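Residue-level structural notes
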Amino acid sequence: MSVRTNSPAEGRVDADDVTAGGGTPSPAAGRVVATSPGARRRPRRDLLKTFEIAVLVGPALLVFLAFVIFPVVMAGYYGFFRWKGFGPPTDFIGLQNYVTIFQDPSFHEAVAHNAIIVVMSLVLQGPAALLLALLLNRPMRGQSAIRVLIFVPYVIAEVVVGTGWSLMLQSEGALNGLLEKVGLGAFTQDWLADPGIAMWTLLGIITWKYIGFAVILFLAGLQGIPQELTEAAQIDGASYWQIQRRITLPLLGPTLRIWAFLSIIGSLQLFDLVYIIWGQYVASTAGTSTMATYMVANGRNAGNYGYGNAVAVVLFLISLVVALVYQRFVLRRDTAGALTERSER
């Protein structure tokens, strides 16, 4: 019996020259291909990789489904009922809650207020935070202390911020008292109840509260810009502002776009500061109500949880559409660059 064996590198054995006594081929003669050890181990490796991904992603996925997807689905379900919040919902009214939402002028005002907050937050916080970040990115005395002071308002709880500002901005509060003490009594205002300035008061508080986050985010982006580029531009005779315009801002673009995205979503869902400072009734008369405060005032506080769930679904859909549109048209360049780099690797 003669057997021809291929080299070990080929990883298989050919048995097509199998003969039985006198050179007569046996009936079982044929080619036998043995699987290489690497090929045998590949399915096991793929199975282990799948198991590892399931173990690592599974808990986070379960938490996401339990605390994000399931509440949204249940809110959509309860939105079809007239429900008081206890017992199973039985009074099915279909789309009546949603029709009422879109016909309510108070909801239209709340949407308009959210739109104003979105736009003005970008206009006020963006340039101010960028200038502060450029200033703090340069060597200066007390740099660390200034960074801490700017970032402190962001880490203070919204309840503390809202309570403090509501006390200071009352008609007999600290701000009006300070203006009278320094001889500027003519500038005293009803900062919270006057519809003409209440929105500007809210924007000022939001800017004071959240500008620290933008500054820290921009500083982190500035640290990633190579110093060699600015040094080369200085050697070529470029001024400081030319360097910022031609080098710093383009390279800081991804950071700016991410901050703008977070600011937009946060402005659409703004609730705590407005509810703490103005409450559910003053917010509507002062012109500072938002979709979230409208949801609480007309849902939970009114004892109509079905309607409140419907408002929550509308708020979720508006935020989702804005997020998808922003990612599609603004963040697409950053995502495409990341995917291209990953594929090249």
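Treat the numbers as computed from the prediction; the structure is a model and nothing was measured.

**Description of the overall build of the protein**
For the protein, the helix and strand inventory stands at 15 helices and four strands. Counting only residues that meet the buried cut, the protein has 33% of its 345 residues in that class. Long-range pairs, those at least 24 residues apart, make up 62% of the contacts in the protein with a sequence separation of at least 6.

**Section: the packing of aromatic side chains**
Inspection of every chain in the model, using the stated rule, returns 18 aromatic pairs. With a centroid separation of 5.9 Å and 55° between ring planes, the pair formed by F80 and Y98 is classed as tilted. Highlighted residues: F80 in the loop between α1 (37–78) and α2 (96–103) and Y98 in helix α2, separated in sequence by 18 residues. Between F151 and Y154, the ring centres sit 5.6 Å apart and the planes meet at 45°, which makes this aromatic pair tilted. Of this pair, F151 and Y154 both sit in helix α4 (residues 143–155), three residues apart, which is roughly one turn of that helix. For F151, a relative accessible area of 27% translates into the label partly exposed. According to the relative accessible area criterion, Y154 is partly exposed, its value standing at 30%. Across the ring face of Y240, the terminal group of R138 is positioned such that the distance to the ring centre comes to 4.8 Å. Cation over ring: R328 sits above F329, and NZ or CZ is 5.4 Å from the ring centre.

**Describing the confidence of the model for the protein**
Per-residue pLDDT for the protein has a mean of 84; in total, 85% of the residues score no lower than 70. Segment residues 1–22 is flagged for pLDDT under 50; beyond a separation of four residues in sequence, or across chains, it makes 32 contacts in the model. The model gives residues 26–30 a pLDDT under 50, and that stretch makes five contacts with residues more than four places away or in other chains.

**Quick word on the pattern of salt bridges**
What the rule picks out here adds up to two salt bridges. Across the pair D91 and R82 runs a salt bridge, and its minimum N-O distance is 2.9 Å. A relative accessible area of 42% means that R82 is categorised as partly exposed.

**Some words on the packing of helix α7 (residues 198–223) against helix α10 (residues 253–268)**
Look at α7 against α10: their axes get within 10 Å of each other, and the N-to-C directions meet at 160°. By the angle class used here, α7 and α10 are roughly antiparallel. Of the two elements, α7 crosses α10, and the hand of that crossing is right-handed. Listed contacts from α10 to F213, A214, L217, F218 and G221 of α7 are T255, L256, W259 and L262. Residue composition of the contact of α7 with α10, grouped by class: seven nonpolar, two polar and no charged.

**Considerations on the nonpolar core**
In this structure, I101, F107, V215, F218 and L222 are the most contacted members of the largest nonpolar core, which totals 37 residues. Ignoring anything within four residues of it in the chain, the contact list for F218 reads G126, A129, L130, A133, L252, T255, L256 and W259. In this structure, I117, L169, L202 and L203 belong to the second largest nonpolar core, which totals 19 residues.

Thresholds, definitions, all that
- Residues numbered from 1 in each chain as written.
- Predicted model: local features only at pLDDT ≥ 70, side-chain atom pairs only at ≥ 80, totals over all residues.
- Heavy atoms only, no water.
- Helix = DSSP H or I, 4+ residues; strand = E, 2+ residues; numbered from the N terminus.
- Buried < 20%, exposed > 50% of the residue type's maximum accessible area, 1.4 Å probe, protein only.
- Contact = heavy atoms within 4.5 Å.
- Phe/Tyr/Trp six-rings, centres within 6.5 Å; stacked < 30°, edge-to-face > 60°.
- Lys NZ or Arg CZ within 6 Å of the ring centre and 35° of its normal.
- pLDDT = per-residue confidence, 0-100.
- Salt bridge = Lys/Arg side-chain N within 4 Å of Asp/Glu carboxyl O.
- Axes fitted to C-alpha atoms, helices over the stretch in contact; angles between N-to-C directions.
- Parallel < 35°, antiparallel > 145°, perpendicular 65-115°, else oblique.
- Left-handed = near helix turned anticlockwise from the far one by under 90°.
- Nonpolar A, V, L, I, M, F, W, Y, C, P; charged D, E, K, R; others polar.
- Core = buried A, V, L, I, M, F, W, Y, C linked by side-chain atoms within 4.5 Å.

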